[in-house]
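Spelled out from the first residue to the last, the chains are:
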Amino acid sequence: MTRVLVVEDEPQIVRALVINLKARKYEVDAAPDGATALQLAAARHPDVVVLDLGLPDMDGVEVIRGLRGWTRVPILVLSARHTSDEKVEALDAGADDYVTKPFGMDELLARLRAAVRRAEPVGGADGDGENVSLVETEGFTVDLAAKKVHREGRDVRLTPTEWHLLEVLVRNTGRLVSQKQLLQEVWGPSYGTETNYLRVYMAQLRRKLETDPSHPRHFVTEPGMGYRFER
Ligand code: CA
């Protein structure tokens, strides 16, 4: 059973979400404001949070920061605002994805499922007993368990920083990872604005792993936002 925490102050949206989620066998808790959301998250340990950014008592970004202090639960943001700045701010604070209001229920449910799926741990065995810690592209293979990268039959030598950056991106395959998230996960919590580090290290990874480093297929830049690893 997947437990969803819906944080939203508009009763009509809450009602629609609760009905649709329960019909699909999700367990649902609803919070009308940020303070209740933080309490419910601590008490109920949801598997995913759907969070409106415009709340009566605090900005939704503050809720993201509050949650990220102790949990990596996937957070799907609902935003009525359209500016890229706000989306970047929410992603930087630790949101996983966003849906712009007004949203289609099907799209929201698809993104919710994707967020839950991504949160499942990489590694271990899947249903076929196959090792899923191996991430293969046509040019190279990343072995997350052994912390090795193979290209054309050889180990690629990566520095610990290069490895850590690669690992964060690969664990989020197909998904935008914000510049700030990368900096904080790889370099540490006091980093966040040193985007030049990222440019330098991404160039190194591309040089070591891309067939054509000046036209990367796997290490994709999302200008002004972050990076995305594509298999
Ligand atoms: Ca609202």
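Residues numbered from 1 in each chain as written. Predicted model: local features only at pLDDT ≥ 70, side-chain atom pairs only at ≥ 80, totals over all residues. Heavy atoms only, no water.

By the naming in an unreviewed UniProt entry, the protein chain goes by Transcriptional regulatory protein KdpE and is assigned to Streptomyces beijiangensis. As recorded by UniProt, the Subcellular location (unreviewed entry) comment attached to the protein chain reads in full: "Cytoplasm". (UniProt positions renumbered as here; feature names shortened; annotations may be inferred.)

**A closer look at the packing of helix α3 (residues 60-68) against helix α4 (residues 84-93)**
Where α3 contacts α4, the axes come no closer than 9 Å and their chain directions differ by 15°. Accordingly, the angle class assigned to the pair α3 and α4 is roughly parallel. The chirality of how α3 crosses α4 is right-handed. Between α3 and α4, the residues in contact are V61, I64, R65 and R68 and E89, A90 and A93, respectively. (Axes fitted to C-alpha atoms, helices over the stretch in contact; angles between N-to-C directions. Helix = DSSP H or I, 4+ residues; strand = E, 2+ residues; numbered from the N terminus. Parallel < 35°, antiparallel > 145°, perpendicular 65-115°, else oblique. Left-handed = near helix turned anticlockwise from the far one by under 90°. Contact = heavy atoms within 4.5 Å.)

**Focus: the nonpolar core**
Burial of nonpolar side chains together is a common tendency in soluble globular proteins. Counting 23 residues, the largest nonpolar core has V142, L165, L166, L169, L182, L209 and F219 as the members making the most contacts within it. For this core, the secondary structure elements donating two or more residues are β7 (140-143), α6 (160-171), α7 (179-186), α8 (195-209) and β12 (226-229). A total of six residues in this core trace back to one element, the largest contributor, which is α6. If you look at the next biggest cluster of nonpolar residues, it comprises 21 residues, including V28, V50, M105 and L109. (Core = buried A, V, L, I, M, F, W, Y, C linked by side-chain atoms within 4.5 Å. Buried < 20%, exposed > 50% of the residue type's maximum accessible area, 1.4 Å probe, protein only.)

**A look at the sheet that holds strand β3 (residues 48-52)**
Adjacent strands of a sheet form backbone hydrogen bonds with each other and so pair up, either parallel or antiparallel. Reading across from one edge, β2-β1-β3-β4-β5 is the order of the five strands in this open sheet, with parallel pairing throughout. Only two strands of the sheet have a single neighbouring strand rather than two, namely β2 (27-31) and β5 (97-100). Within the sheet, the average angular offset between the axes of one strand and its neighbour, ignoring direction, is 20°. Pairing of strand β4 (residues 75-79) with β5, which is carried by four bridges, proceeds in the parallel orientation. Bridge pairing in β5 places V77 opposite Y98. Along the sheet, helix α1 (residues 11-23) makes contact with β1 (3-7), β2, β3 and β4, crossing β2 at roughly 165°. Sheet contacts for α3: β3 and β4; angle to β3, the most-contacted strand, approximately 155°. (Pairing = 2+ DSSP bridges.)

**Comments concerning the coordination of the calcium ion**
Metal coordination angles in their ideal form are 109.5 degrees for the four-donor tetrahedron and 90 or 180 degrees for the six-donor octahedron. Donor atoms from the polypeptide that bind the calcium ion are D9 (OD), D52 (OD) and G54 (O), placed at 2.2 to 2.4 Å. All donors of the calcium ion belong to a single chain; written as a sequence motif, their spacing is D-x42-D-x1-G. With relative accessibility at 4%, the residue D52 sits in the buried group. Under the relative-accessibility criterion, G54 is labelled partly exposed at 33%. (Donors = N, O, S within 2.8 Å, 3.2 Å for Na, K, Ca; no water.)

**Description of the packing of aromatic side chains**
By the definition in use, this model includes six aromatic pairs. Geometrically, the ring pair formed by F140 and F219 is stacked, given 6.1 Å between the ring centres and 10° between the ring planes. With F140 in strand β7 and F219 in strand β11 (residues 219-222), this pair connects stretches of sequence that are 79 residues apart. The pair F140 / F219 is uniform in exposure class, with both members buried. (Phe/Tyr/Trp six-rings, centres within 6.5 Å; stacked < 30°, edge-to-face > 60°.)

**A short note on α6**
Between the first and last C-alpha of α6 there are 16 Å, a value that for twelve residues agrees with the 16 Å anticipated at 1.5 Å per step. When we look at burial in α6, the residues that qualify are E162, W163, L165, L166, E167, V168, L169 and V170. (Expected span 1.5 Å × (residues − 1).)

**Section: the domain arrangement of the protein chain**
When the domains of the protein chain are assigned, the result is domain 1 (3-118) and domain 2 (134-229). Here the C-alpha centre of domain 2 lies 28 Å away from the C-alpha centre of domain 1. A buried area of about 760 Å², summed over both sides, lies between domain 1 and domain 2, and 47% of it is on carbon and sulfur atoms. Of all residues in domain 1, L91, D92 and R118 give up the largest surface area on contact with domain 2, accounting jointly for 55% of the area buried on that side. Taken together, the connections running from domain 1 to domain 2 amount to two salt bridges. When the shortest N-O distance is used, the salt bridge between D96 and R175 registers 2.1 Å. Summed over the shared surface of domain 1 and domain 2, the number is one residue pair in polar contact (both at pLDDT 80 or more). It is α4 that provides the largest number of residues to the side of domain 1 that touches domain 2, a total of four residues. Here the residues of the side of domain 1 that touches domain 2 sort into three nonpolar, one polar and four charged. (Domains from an automatic or database assignment. Buried area = accessible area lost by both parts, 1.4 Å probe. Salt bridge = Lys/Arg side-chain N within 4 Å of Asp/Glu carboxyl O. Polar contact = N/O pair within 3.5 Å; in protein donor to acceptor, adjacent residues only side chain to side chain. Nonpolar A, V, L, I, M, F, W, Y, C, P; charged D, E, K, R; others polar.)

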